[in-house]
Amino acid sequence: MSVHERGLVETGQAEPLVAEAEMFRRPSEWWIFWEALSRDRLAVAAGGAILLICLVAVFAPLLSPYDPTVGDNSLRLAPIGTPGHLLGLDGQGRDILSRLIWGGRVSLAIALMPVTVASVLSVALGLIAGFFGGKVDMLIMRTLDVFFAFPAVLLAVAIAGVLGPGMLNVMLSITVVLVPYISRVAYMATVTVKNELFVDQARVCGAGPWQILFHYTLPNTLSPVLVYGTTLVGIMIVLGAGLSFLGLGISPPTPDWGVMCSDGRNFLSVAPHVSAVPGAVLVFVAMSFNLLGDGLRDALDPKLRK
Amino acid sequence: MLRYLVYRVASIVPVLLGVSVVVFLMMKLVPGDPAEAILGPAATTEKIEMVRRSLGLDKPFYIQYFRWLWKVLQGDFGSSIAVNVPVAQLVWPKFWNTVLLAGGSLVVCVVVGLVVGIVSGTRQYSWFDRLGMTSTLILANTPGFWLGLVLMVVFALRLGWFPATGMYSMRAADKTVADLLHHMVLPAITTAAVSAAIIARLVRSSFLDVIRKGFVTALRARGLSERDVILRHGLKNALPPIVNIIGLQVGYLMGGALFTEVVFSWPGIGLQIYSSIVARDLPVVQAAVLVTTFVFVLVNLGTDVIVAALDPRVRRA
Amino acid sequence: MDQSRAAFEGIEAAFIEGRISRRQFIRTSSQIGAAASATAVLTSLGVPARAAAQDKPKRGGTLVIGKESELDILDPHSAGGWVTWRVSKQMHEGLLDEDLTKDNVPYPALIPKLATSWSVSKDSLTYTFQLRKGVKFHDGTPFDAAAVKFNVERCYKKDAPQFYPRANAYTTWLWQFLKEVKTPDEGTVQFVLTEPYGEFLRQLVQGGGGAAVFISPTALKKYGNEGIAEHPTGTGPFRFVQRVRGEKVVIERNPDYWGTPPYLDRIIDRPMPEPAARMTALEAGEVDMIYVPHPDGIAGLKDKGFKLMQGPTPHVWYFAFNLRDKNYQDVRVRRAINMAIDREGMAKQLLKGTAVAARGLQAPCCPSYDPNFKDYPYDPAQAKKLIAEAGFPNGFETTWQTSVDGSGQLIPVPMAEWIQRDLAKVGIKMKLRTYEWITYIGYWIKGTDDPSNKVGSQQMSWGMTSDYWLDIVTHSTHVAPPGGAGQNGGYYSGADKLLDAARVEMDPTKRSALYRKANVKIKEDAPAVPIINDLAPLMFSPKVRGFVHAPEEWYDMTTVWMA
């Protein structure tokens, strides 16, 4: 078994993510899950923070105090706490708080969209490969193995670089990089469920392959993908910001947290807050997704439930 | 064990071929005509046709692929568009610079990760544990490029303890190891941070696992010293997943090094990929990705073999 | 001396902040320069006054320079770009040179270099140069007429064994009228032309796109046309030491130099494409000097004691119209666009004073450049009127294109977006198309009306200290294929007659007058919109002394020393 076949996750979980599949045997177990999750205060807090941030991003036009693309040159590089500008201004005299709020839309989109699209694709691929097995399995999994061979960051940068600047290209490149990882998780879950007793029982009772696929396998594949995906969003927020930092993402003057960090490089000594603030926001948001993902995993793992 | 070894080595061949196909196709995705890019100001319609023919761009895809692959296997990666030198000349020296940086980062992240992880794992709920877990949580989510900037402002620009850019001092007549290490400190810490955090958390949880499984109590009951318990038995059992994750981190280190190299102007292959992307010098990007991925595959192979040697269960799978 | 320094710094600040124009700066600075000694003016440009009075130039030291991009090959005949030329020029010399030690002149004067004197025949077709004696190349080969002939034939004589097509492509304008090179004796060389070429001498001192400097024939024969770039061997005050691609180029003082030796022991050029990285390196003391600081970071570095130096350069950033596009056929539309763009605003607010508004298409710092040139005023109301008169009462839609970066392009996208906003105000909806630099050149070269490159206007930026540049960018023979090399691609021929007359005029005063007339005609016909002249800002540590920012895009490094 190779390193990847053991379903390793970036958060360092060494256990195969199969345990979760055991959980959703009967729909009535959902409330057990919610109860477990709500007892994890850290995860709840993280979830709340994420919800808040998403709301802020969605309602950016209403919440943003200033236009993020218009600058007041007389106040450029003003520090944190300048009256009227809570987080200061950047090199072009633009309000940093406003740019953070608007930038959230881009930075969140760069993470959420690719993870969602990749998850849909991956669940499909994992289900097909895991369920039908044989040649189809080999074909799909071996192809994905090839993409696994690339260091993820390198592949993302190379694809985004080759395609050219633009948000769509960045999202496309991140999606491509994610599919192998999420597919693995979906595949493992499918394979495990396929071999479960209750599936055989269902077959004996006359259920056709498509029924088994949709009624039993799919739901059991979704939960590990959901957990993994949540953690991945946190990681992709950082990677997406990295690609924007390198200039591979959106073009100015649209703000995005990565571009804001990169802009600040020109005045690191005189006005470190221009880079420091968006970076701190990135850390906070990524951490929240990470904690939420951990919480989801713990809530779904029967072994950890007391 | 031998069977496993042979199986693993054989399985990388199709993967490497697949990688070469992906890299080749990636270059075909590029918008714009490569012949025009090469000719630049001298381009006319006949010259473009000539260059296209000389580049073999008029032949079908699969022939282009085999020609390209044949050349690559001989070490010929073509010529850089931006600087008119063989790509190999640009790529190999930069590659070794990245290996140096990744090596230094690996040392940092393994040492720090192991120390923090073991101490936290064996002293669960202590202040060290709590501090360790909080800081690793934060570090694991820190963008490398941002951490690099922060370290640069504080330690290079404000305090002046370390240099801010480059691999060696430009003024020194000779390249000394001391100079290299001095320049490597901040970039290595930047690159290693996320991996160190991940390794620390993993080591800790592996140790907790091992402790839970009861070995430790049994061994303690037999009178072994604390140190023996931890180092010989605890570590040995926790080692396979740890080695596994270290192997994975090497890939991250090589990718993460890209951001570090851009921030600190470390003349490695990551910085070269970045500059070449900016300059649309895609033959260089192609070669750099190919070389780095190839090495990554080999490193993974090595890790798998080591893990298999340590953990019999893996071999049976 | 402090008084004149204060006065100078006052107008320098005014100039940088855009409060006075370039011509006022030149005039006033010359006046101050005349009032104080030449040294005072020089030092007040870059050195604290206290130090200037006491410090004498010191020999020794290494200057580390952070450059904005990696260099092209170090073969001066076959490389393009000012970045590379700034290094190659220190190692190679030609018959003539420009005097780059004076920064208070409108354009650099021609001085003898490897030729001690020259004369032109009565029919203006033969140039005779007396060569300097006792000059050796870095590898010991003596410099003589045969060496000159060998070098020139490499660039133009297709049947010569050392002919190099790449060198030929880059040096087209230099040798386009050359019939033959004669060497009556080893100290004399003659160029015979096919027609009079008024700007020939000024063309000989150009660089940045093929240059008329000399490489050791021994080295050329030894390393070959391709290999010579790895072993540059000229006669210059510096000689090549080492090059590590993407990391550094090292040159050192030539101990056997025939002329005044430089003060510096070594110069190390470090390519650092990231402006932020360059500025960080300067601040941390890892480089002594940087080119192209980011406009936003200049104020911060100045606060920390670093010096900014900038001045007029032969650089024009402009857009050329496609005269076959129905929108631009009426001259009123083209004139209106010239009036619609707020150039001063762009120079001040967007470029933070590192550039000035262009006045006319001719590049600054050449003999015919007229500092009093009256260009179109910024008048959006009048522009709107003209556009309506021309038959577009509701404006029109059009596509313009530029690159996203590139040597001398400054910050093309924000600048183009600024123009886009200005055009919108007069009813023109401009769609902007952008490409990466190298891809962009591929398109630009086709001209604006090629089926694969149909645009209303496309942008370029360059220039020369030679008046002939105006011809290159506006003469109809230089239009896109099938005509020629495609320099403006706009399909304009209105100035051809004046340019042809100027080209063969040998009297400098008359020639300047003709080029000025051509420039005025070009303004009236408005086949292009000149926008900005770059001031080539650079920043350096206070330890760097003696640097002169002459009205050229490259510098004489022999006057530089480290405190």
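Residues numbered from 1 in each chain as written. Chains lettered and ligands numbered in written order. Predicted model: local features only at pLDDT ≥ 70, side-chain atom pairs only at ≥ 80, totals over all residues. Heavy atoms only, no water.

S.K.: So what exactly am I meant to see when it comes to the interface of chain A and chain B here?
M.R.: Size of an interface, as often reported, equals the accessible area lost when the parts are brought together. Taken residue by residue, the interface counts 48 residues in chain A and 53 residues in chain B. Buried area between chain A and chain B, summed over both chains or domains, comes out near 4,600 Å², and the portion from carbon and sulfur atoms is 75%. Our count for the contact surface shared by chain A and chain B stands at 0 salt bridges. Our count for the contact surface shared by chain A and chain B stands at 4 residue pairs in polar contact (both at pLDDT 80 or more). Elements supplying a minimum of two residues to the side of chain A that touches chain B: helix H5 (134–148), helix H6 (152–163), helix H9 (209–245) and helix H11 (273–300) of chain A. Per-element tally for the side of chain A that touches chain B: the top contributor is H11 of chain A, with 10 residues. (Contact = heavy atoms within 4.5 Å. Buried area = accessible area lost by both parts, 1.4 Å probe. Salt bridge = Lys/Arg side-chain N within 4 Å of Asp/Glu carboxyl O. Polar contact = N/O pair within 3.5 Å; in protein donor to acceptor, adjacent residues only side chain to side chain. Helix = DSSP H or I, 4+ residues; strand = E, 2+ residues; numbered from the N terminus.)

S.K.: Is there a simple way to explain the sheet that holds strand E12 (residues 307–309) of chain C in this structure?
M.R.: Sheet strands pair by backbone hydrogen bonding; their relative direction is either parallel or antiparallel. Residue and element names in this part refer to chain C. Judged by pairing direction, the sheet is mixed, and its 7 strands sit side by side in the order E8-E9-E10-E1-E11-E21-E12 without closing on themselves. Edge positions in the open sheet fall to strand E8 (238–244) and E12, since each of these has one partner strand only. Neighbouring strand axes in the sheet, compared pairwise and without regard to direction, differ in orientation by 20° on average. Two elements, strand E9 (residues 248–253) and strand E10 (residues 266–271), share 4 bridges in a ladder whose sense is antiparallel. Note on E10: the bridge partner recorded for Ile 251 is Ile 267. Here helix H11 (residues 275–283) sits on the sheet in contact with strand E1 (62–67), strand E11 (289–291) and strand E21 (538–540), set at roughly 165° to E11. (Pairing = 2+ DSSP bridges. Axes fitted to C-alpha atoms, helices over the stretch in contact; angles between N-to-C directions.)

S.K.: Can you help me understand the packing of aromatic side chains in this one?
M.R.: The description of two aromatic rings rests on the distance between their centres and on the angle between their planes. All names here are of chain C. All chains considered together, the criterion is met by 35 aromatic pairs over all chains. With centroids separated by 4.8 Å and ring planes inclined at 85°, the aromatic side chains of Phe 177 and Tyr 197 adopt a geometry described as edge-to-face. Pair noted here: Phe 177 is in the loop between helix H8 (172–175) and strand E6 (178–185) and Tyr 197 is in the loop between strand E7 (188–193) and helix H9 (200–204), with a separation of 20 residues, a long-range link. On the basis of relative accessible area, Phe 177 is assigned to the buried category, the value being 9%. Measuring from centroid to centroid gives 6.0 Å for Phe 540 and Phe 547, while their planes differ by 45°, and the two rings are tilted. Each member of the pair, Phe 540 as well as Phe 547, carries the same accessibility label: buried. Cluster of aromatic residues (ring-pair linked, three or more members): Tyr 127, Phe 129, Trp 175, Phe 177, Phe 191, Tyr 197, Phe 200 and Tyr 468. Its end group placed over the ring of Tyr 291, Arg 86 keeps NZ or CZ at 4.6 Å from the ring centre. Above the ring of Phe 150, the side-chain terminus of Lys 221 is found at 5.1 Å from the ring centroid. (Phe/Tyr/Trp six-rings, centres within 6.5 Å; stacked < 30°, edge-to-face > 60°. Buried < 20%, exposed > 50% of the residue type's maximum accessible area, 1.4 Å probe, protein only. Lys NZ or Arg CZ within 6 Å of the ring centre and 35° of its normal.)

S.K.: Would you mind showing me how to read the confidence of the model for chain C here?
M.R.: As a general rule, the predicted coordinates of low-pLDDT regions are not to be interpreted in detail. Residues and elements named next belong to chain C. Of the residues in chain C, 88% have a pLDDT of 70 or more, and the chain-wide mean is 85. Taken as a whole, residues 1–11 scores under 50 in pLDDT and shows 21 contacts with residues more than four places along the chain or in a different chain. Across the interface, the model reports ipTM at 0.84; the global pTM reads 0.80. (pLDDT = per-residue confidence, 0-100.)

S.K.: Would you take a moment to explain the pairing of strand E15 (residues 396–403) of chain C for this structure?
M.R.: The side chains of a regular strand alternate between both faces of the sheet. All names here are of chain C. In terms of residue burial, E15 counts as a mostly covered element, since 6 of its 8 residues are buried. In the sheet, E15 pairs with strand E16 (residues 428–435) via 8 bridges, with the strands oriented parallel. Bridging across to E16, Glu 397 finds its partner in Lys 429. Bridging between E15 and strand E19 (residues 457–462) involves 2 bridges; their strand directions are parallel. Among the inter-strand pairings, Trp 400 is bridged to a residue of E19, identified as Ser 457.

S.K.: Please explain the packing of H6 of chain A against helix H12 (residues 282–310) of chain B as it appears in this structure.
M.R.: Geometry of a packed helix pair, given as the angle between the helix axes and the separation of the axes. In the contact formed by H6 of chain A and H12 of chain B, the axes pass within 11 Å of each other and the chain directions differ by 165°. It follows that H6 of chain A is roughly antiparallel to H12 of chain B by the angle criterion. The way H6 of chain A lies across H12 of chain B gives a crossing that is left-handed. Residue-level contacts link Leu 154, Ala 158 and Val 162 of chain A of H6 of chain A to Leu 282, Val 289, Thr 292 and Thr 293 of chain B of H12 of chain B. (Parallel < 35°, antiparallel > 145°, perpendicular 65-115°, else oblique. Left-handed = near helix turned anticlockwise from the far one by under 90°.)

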